[in-house]
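# Summary of structural features
Next come the chains, spelled out residue by residue.
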Amino acid sequence: MTLIRTTILIFGMQLTRSLRSKRTGFCLLVAIGPGALAWLIQRFPGAPPSVEIVIYPGWFLLLQVIVPILSLIAGSAVISEEIDDRTVTYLFTRPIPRAALMLGRWLATALVLCLILAFGAGLLALMARFGGNPPERAHIGQGVVGPLIAMAVLGGAVYSGLFAAIGTLYKHPMIVGLGYTFAIEGFLANLPGKSQGLTIQFYLRSYIAGRGAEVWQRIESFELTTFDPAGEALATLLWVLVVALAVGCVVVSRRQYLLTA
Amino acid sequence: MSAVVEAEQVGRWYGQVVGLNELTLVIGPGVTGLVGPNGAGKSTFLKLVAGEIRPSRGRLEVLGLRPFANRAFFRRIGFCPQQDALYDDLRAPALVEFLLRLSGYRRAEARRRAAAALERVGLTQGLGRKVGTYSKGMRQRVKLAQAIAHEPELLIVDEPLSGLDPIGRAEMTELFRGLGEAGVHVLISSHVLHEVENLTDRIVLLHRGRLLAQGTVGDVRRLLNRHPRRVVITLREPRRLANRLIGLEDVSSVRLDGDGARLSVETSDIESFFRRLTAVAGEERAGIRSLESTDASLEAVFDYLVG
Amino acid sequence: MAETHTEIYRPFEGRLRSRALRFLPLCLAGIRVAARRKLPLILLFTPPAITGIVSSFIVYAKFSLEQEVGTRGVTDAGLRIAIAMARQMTQVHNQIVGSQRAIQTFALLVIAWFGAGLIAEDRKQGAHLLYFSRPLTRLDYFLGHFCTVAFYGLCAVLGPGLLICTVATFSSPDYSFLKEEWDVIAATFGFALVCVGVLAALVLAVSSLVNRKSFALAGVFGLVVASQAVGGVMSELEADEDFLMIGIWSNLFRLADWMFGARRPIFHWDPRWSVVILSSLFVLCVGVCAWRIRRLEVVA
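The structure contained in this document is the topic of the report that follows. (Residues numbered from 1 in each chain as written. Chains lettered and ligands numbered in written order. Predicted model: local features only at pLDDT ≥ 70, side-chain atom pairs only at ≥ 80, totals over all residues.)

### Structural notes on the interface of chain B and chain A
Accessible area lost upon the coming together of the parts serves often as the stated size of an interface. Contacts between the two partners involve 26 residues from chain B, matched on the other side by 22 residues from chain A. Elements that contribute at least two residues to the side of chain B that touches chain A include exactly helix H2 (71-74), strand E5 (77-80) and helix H3 (92-102) of chain B. For the side of chain B that touches chain A, the element with the most residues is H3 of chain B, which contributes four residues. Of the residues belonging to the side of chain B that touches chain A, the class tally is 14 nonpolar, six polar and six charged. (Contact = placed C-beta atoms within 7 Å. Helix = DSSP H or I, 4+ residues; strand = E, 2+ residues; numbered from the N terminus. Nonpolar A, V, L, I, M, F, W, Y, C, P; charged D, E, K, R; others polar.)

### Details of the sheet that holds strand E13 (residues 288-293) of chain B
All names here are of chain B. Pairing is antiparallel across the open sheet formed by four strands, whose spatial order is E11-E12-E10-E13. Looking at strand neighbours, the two that pair on one side only are strand E11 (251-257) and E13, the edges of this open sheet. Adjacent strand axes in the sheet meet at a mean angle of 20 degrees, parallel and antiparallel pairs treated alike. Sheet topology places strand E10 (residues 229-235) next to E13; five bridges connect them, and they run antiparallel. In the sheet register, threonine 234 faces E13, and the bridge partner there is serine 290. (Pairing = 2+ DSSP bridges. Axes fitted to C-alpha atoms, helices over the stretch in contact; angles between N-to-C directions.)

### Comments concerning unusual backbone geometry
Residue and element names in this part refer to chain C. Phi at aspartate 174 is positive, roughly 55 degrees, even though this residue is not glycine. Locating aspartate 174 in the fold gives a position in the loop between helix H7 (138-171) and helix H8 (176-180). Residue classification places aspartate 174 among the exposed positions, given that 8 C-beta atoms sit within 10 Å. Of note, the phi angle at alanine 239 is positive, near 50 degrees, even though the residue is not glycine. One can find alanine 239 in the loop between helix H10 (213-238) and helix H11 (248-259). (Buried ≥ 20, exposed ≤ 12 C-beta atoms within 10 Å, placed from the backbone.)

### Concerning the interface of chain C and chain A
Facing the 17 residues of chain C at the interface are 21 residues of chain A. Grouping the constituent residues of the side of chain C that touches chain A by class yields 11 nonpolar, three polar and three charged.

### Describing the sheet that holds strand E2 (residues 17-27) of chain B
All names here are of chain B. As summarised here, the arrangement of the three strands in space is E2-E1-E4, forming an open sheet in which the pairing is antiparallel. Lying at the two open borders of the sheet, with one neighbouring strand each, are E2 and strand E4 (57-62). Across the sheet, the mean angle separating the axes of adjacent strands is 25 degrees when strand polarity is ignored. Here helix H1 (residues 42-49) sits on the sheet and contacts strand E1 (5-14), E2 and E4; the angle it forms with E1, its principal contact strand, is near 120 degrees.

### Topic: the nonpolar core
Counting 244 residues, the largest nonpolar core has Leu70 of chain A together with Ile111, Val203 and Leu204 of chain C as its most contacted members. Element by element, the count of residues in this core is highest for helix H6 (residues 98-130) of chain A, at 18 residues. In contact with valine 203 of chain C, other than residues within four places in its own chain, are Ile111, Ala112, Gly115, Ala116, Val149 and Val220 of chain C. With 13 residues, the next largest nonpolar core counts Val231, Ile233, Leu241 and Val265 of chain B among its residues. (Core = buried A, V, L, I, M, F, W, Y, C linked by C-beta atoms within 7 Å.)

### Overview of the arrangement of the chains
For the two pairs of chains in contact, the maximum contact count is reached by chains A and B. A minimum C-alpha distance of 11 Å separates chain B and chain C, which share no contact.

### Regarding the packing of helix H3 (residues 50-75) of chain A against helix H8 (residues 145-169) of chain A
All names here are of chain A. Following both chains from N to C, one finds H3 and H8 inclined at 25 degrees, their axes separated by 8 Å at the closest point. Classified by the angle between their axes, H3 and H8 sit roughly parallel to one another. The interaxial crossing formed by H3 with H8 has right-handed handedness. Residue composition of the contact of H3 with H8, by class: 15 nonpolar, eight polar and no charged. (Parallel < 35°, antiparallel > 145°, perpendicular 65-115°, else oblique. Left-handed = near helix turned anticlockwise from the far one by under 90°.)

### Some remarks on the packing of H10 of chain C against H11 of chain C
Residues and elements named next belong to chain C. Axis separation between H10 and H11 bottoms out at 7 Å; the angle between their running directions is 80 degrees. The angle between H10 and H11 falls in the class roughly perpendicular. Touching Val224, Ser227, Gln228 and Gly231 of H10 are Ile248, Trp249 and Ser250, all from H11.

### Focus: the pairing of strand E9 (residues 210-216) of chain B
Residue and element names in this part refer to chain B. With six bridges joining them, strand E8 (residues 202-207) and E9 adopt antiparallel strand pairing. Counterpart to arginine 202 in the pairing with E9 is threonine 216. Where E8 hands over to E9, the hairpin turn is made up of two residues, of which arginine 208 adopts a positive phi near 50 degrees.

### Observations concerning helix H4 (residues 77-84) of chain A
All names here are of chain A. Regarding H4, the residues found buried are Ala77, Val78, Ile79, Ser80 and Glu82. Residues of H4 that are buried in the fold lie against H3, helix H5 (88-92), H6, H8, helix H9 (173-188) and helix H11 (230-254). Positive phi appears at arginine 86, one or two residues downstream of H4, with a value of about 60 degrees.

### Quick notes on the pairing of E1 of chain B
Residue and element names in this part refer to chain B. With five bridges connecting them, E1 and E4 associate as antiparallel partners. Counted as the bridge partner of valine 5 is valine 62 from E4. Note: E1 against E2, seven bridges, orientation antiparallel. Looking across to E2, one finds that valine 10 is bridged to leucine 23. Once E1 ends, the chain turns through two residues before running back antiparallel as E2, passing glycine 15 with a positive phi of about 60 degrees.

### Some points on H1 of chain B
Burial of H1 of chain B is extensive: eight of the eight residues sit out of reach of the surface. A positive phi of about 80 degrees marks glycine 51 of chain B, the residue just after H1 of chain B.

### Examining the environment of leucine 204 of chain A
Residues and elements named next belong to chain A. Mapping leucine 204 onto the fold places it in helix H10 (residues 200-211). Taking the C-alpha atoms as reference points, leucine 204 and histidine 172, 32 residues apart in sequence, are found 27 Å from one another. Beyond its immediate stretch of four places on either side in the chain, leucine 204 contacts Leu63, Met151 and Gly155.

Bear in mind that shape data such as this cannot, by itself, settle questions of function.
Listed below in structure tokens is the structure:
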């Protein structure tokens with residue numbers, strides 16, 4: 001069985017399972033959060049303009065909390081779930097390239113995750129636009145929603161790929177992932193200087209700052225940062241994803257996984 | 001015939017814990033039982049043979065190939081692991097079919113083989129339910145089905161009879177025997193010695209990570225000459241025969257059991273004893289009703305070796 | 001023929017009686033099991049320990065400096081101002097509040113690490129079948145696990161605060177800290193109990209909803225961080241600081257400022273709202289635990 005054919009087989013099986021799983025339902029529920037918040041905000045008197053309702057929850061809640069957390073939950077389980085459930089035995093004793101397990105499961109996981117995040121971002125924009133603000137304050141404009149959805153999707157893919165690779169390396173990928181997300185990224189991403197380049201958040205910000213509308217600059221933390229050009233940021237994110245997946249594939253191909261009885 | 005498994009000074013450890021130590025053995029074709037108490041290293045050995053893990057040292061070849069992460073090897077084997085782990089959200093036919101497709105079969109062929117394998121292991125009901133709702137016995141059958149569905153050359157089964165009721169055990173034993181007769185090499189591990197004995201007389205005995213004995217049960221027993229063989233004779237005139245037997249030079253003890261209708265004899269040369277017993281019993285008109293060698297079993301062999 | 005071997009066993013004489021504190025063996029067993037793995041203990045407790053030691057040193061320096069200044073007197077006006085500022089900054093209760101803020105992530109990590117797998121792994125491994133086949137009530141089961149988490153949580157939260165208070169007591173002249181500022185000690189205990197109680201209940205509630213420790217960990221962190229994020233966003237958009245009350249940590253900080261009498265608190269809403277919010281969260285989490293444990297017992 002070739003790598004591509006096996007990957008497609010595993011992708012197909014995992015996609016079906018993911019769509020039916022409780023975890024997907026939970027992720028969907030969480031992704032709806034910003035949209036619900038957008039609707040709620042407009043219930044209060046003196047609600048801000050809809051464009052701000054998109055960018056603040058979009059940036060602080062969706063991109064900085066929901067995308068990493070859901071990517072961690074989904075991505076870290078790509079390999080570690082098979083190991084924890086001890087079902088990896090059946091796959092590793094088949095004549096398939098082991099890397100296909102990593103790629104196939106990640107592809108299915110990332111697809112479902114990205115769809116959910118895109119839906120969440122879209123719902124946020126929809127609720128902000130039609131959630132109750134009068135027409136003169138409901139206008140959102142160009143360069144707000146598109147980059148947000150794009151970065152939610154790309155952030156989901158990159159984070160999930162990174163956490164999937166971490167899942168092949170560590171016995172407790174969730175701990176490592178949480179540490180990276182909330183300690184390393186939370187600290188470095190807000191520190192002025194070159195160290196921001198060690199975080200995925202920096203490149204997401206760079207893309208939005210470069211391709212998004214001027215209104216994104218209203219977010220405070222943007223003022224302290226010298227961004228990379230949007231194209232370079234996008235290339236870096238894709239490069240991180242490719243490297244993470246490559247590392248994951250190599251590790252899973254060579255490593256022995258000891259299953260507890 | 002060439003060896004199925006060749007292990008030379010194989011060792012495997014997990015940190016400080018030694019799973020296997022300096023294991024050197026050759027397993028030939030046919031059905032072979034791998035026996036030993038819990039913690040003997042059976043599962044470790046089977047995982048090495050199945051290519052799930054690598055040896056920490058030594059050389060291991062199965063069907064002439066190094067097993068670990070070897071796709072050519074995996075085409076030729078089927079592995080039924082010990083752990084009760086399956087894809088609980090799938091139905092049994094879908095699960096077996098998926099694994100068959102990973103073995104390279106097309107969808108229609110995989111579906112047909114999956115159905116045949118499930119029928120062969122006796123799982124004909126509950127196929128519409130998810131595996132997570134199955135009883136332990138049904139789950140065991142699913143595990144076996146996925147191991148045999150692609151007609152492997154070597155079947156490796158780790159504690160396959162656990163969770164099965166007596167009828168199920170009998171059916172599975174028959175299945176393995178049938179596979180053996182059909183030319184499939186079967187390596188089966190169990191700590192339930194009499195079940196392995198029902199299946200095959202070729203055994204590999206492990207204890208504390210080391211090879212304790214290998215061969216047929218009878219051959220291994222013959223090697224244990226420090227333990228005299230015990231024979232229980234049920235007969236009409238036990239005391240008369242006892243008088244004669246005690247005079248034979250390779251009889252070390254004769255005991256009248258419980259109700260006095262049985263003799264329990266210990267002898268250092270059982271073949272010679274049986275030859276002379278016929279004559280002696282005939283002369284004394286002892287009226288032998290039954291004859292049983294009580295410690296020729298695998299369990300007895302194991303007790304002598306380990307105890 | 002059947003055989004018995006009564007010579008091996010001592011016949012039981014007496015009667016079985018119900019033990020009060022039935023949850024205690026479960027709690028102690030949980031503590032022992034968790035303590036077997038040394039690496040998490042070292043990694044998780046080192047930062048709170050360092051924070052406690054550093055803050056204690058500052059408090060010790062404060063008392064030493066005050067005694068020195070008190071003995072010799074200070075003539076320079078600038079130096080007097082500097083000393084007054086330093087005195088304010090190094091107030092024991094400020095040090096305690098400061099140390100709590102510094103270790104907040106690690107406190108949550110400790111409680112989450114030791115608590116996230118308790119009910120989730122019980123369910124996954126089927127251990128609940130063993131527990132509920134014993135004369136253990138659902139309350140005992142909950143209390144046993146709750147106390148296990150609370151023990152480690154108190155080590156992380158109360159430990160540094162008690163260390164600071166102890167150093168303050170012994171370095172203050174004539175134990176003046178103990179006599180005059182005993183309320184700080186009471187507040188240290190009180191805050192630790194509230195903080196650990198609420199977070200432990202939250203961790204157990206999340207653990208009871210999932211069947212893997214890793215998901216429970218992610219869920220706990222996600223909830224806490226998301227609550228802060230939502231509060232921050234609402235506060236920013238509505239230009240009203242009170243929305244920060246949505247954040248769990250914000251309420252704990254507000255409570256800390258109130259209990260320790262901080263003169264310049266970060267947040268300014270009525271602290272009784274924080275009491276209400278945290279109490280409600282606690283009750284909600286305990287309710288979720290009760291529901292899920294009931295299901296565990298029934299479905300077992």
